[in-house]
Amino acid sequence: MKNVKLKVLLIEDDAIEVMKLKRAIVKLELNHDLIEAKNGEEALKILKQDHIIPDVIFLDLNMPKINGLEFLKILKEDEVLKYIPTIILTTSNNRRDVLACYSTGVAGYIIKPLKYEDYVNKIKVTLDYWSMNELIKA
């Protein structure tokens, strides 16, 4: 089965984590477009451009300026952007974080595994899942 090419927005302040996701996408031979933002503030500027509406957002929680949860709340208040599936990709397994994200409307919560192969597998399953979904195009 052929999956749809996704436009993925990664909101992550750690350059190593950005490289890790890029490496995983290459390793998996996925043809998705990756858009990068270093924090929530930068991501909001990107999202205000009409031609850059991602299909899926990967969002880190712990970032400077606007953190992941603050960004998520802003996103869910926007009448167009609130439909973009947003998946938390974080090291935090804090139950309060998980509950706060789900109550704000997150589409998924992934804890970054320590082993690279486990990380690649989680990314594959997640991107495969969303590339098979009927996504709302803004």
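Quantities reported herein were computed from a predicted structural model and do not represent experimental measurements. (Residues numbered from 1 in each chain as written. Predicted model: local features only at pLDDT ≥ 70, side-chain atom pairs only at ≥ 80, totals over all residues. Heavy atoms only, no water.)

Undergrad: How should the UniProt feature "modified residue: 4-aspartylphosphate" (unreviewed entry) in the protein chain be read in this particular structure?
TA: The residues that UniProt annotates with the feature "modified residue: 4-aspartylphosphate" (unreviewed entry) are D60. Here D60 is in contact with I11, E12, D13, G68, L89, T90 and K112, once residues within four sequence places are set aside. (UniProt positions renumbered as here; feature names shortened; annotations may be inferred. Contact = heavy atoms within 4.5 Å.)

Undergrad: Would you take a moment to explain the sheet that holds strand β4 (residues 86-90) for this structure?
TA: Strands belonging to one sheet form pairs held by backbone hydrogen bonds; the direction of such a pair is parallel or antiparallel. Here we have five strands laid out as an open sheet, ordered β2-β1-β3-β4-β5, and parallel in their pairing. Each of the sheet's edge strands pairs with one partner strand only, and the pair in question is β2 (33-37) and β5 (108-111). Across the sheet, the axes of successive neighbouring strands diverge by a mean angle of 20°, strand direction being ignored. In the sheet, β4 pairs with β5 via four bridges, with the strands oriented parallel. Bridge pairing in β5 links I88 to Y109. Where helix α4 (residues 95-104) meets the sheet, its contacts fall on β4 and β5, and the angle it forms with β5 comes to roughly 155°. (Pairing = 2+ DSSP bridges. Helix = DSSP H or I, 4+ residues; strand = E, 2+ residues; numbered from the N terminus. Axes fitted to C-alpha atoms, helices over the stretch in contact; angles between N-to-C directions.)

Undergrad: For this particular structure, what's the right way to read the pattern of salt bridges?
TA: Within this structure, the stated rule accounts for eleven salt bridges. We note a salt bridge from E12 to K112, for which the minimum N-O separation is 2.9 Å. Remark: K112 occurs in the loop between β5 and α5 (116-132) and E12 occurs in the loop between β1 (7-11) and α1 (15-27); sequence separation between them is 100 residues. Between E117 and K27 there is a salt bridge, and its shortest N-O distance comes to 2.6 Å. In this pair, E117 is assigned in helix α5 and K27 in helix α1, connecting sequence segments 90 residues apart. (Salt bridge = Lys/Arg side-chain N within 4 Å of Asp/Glu carboxyl O.)

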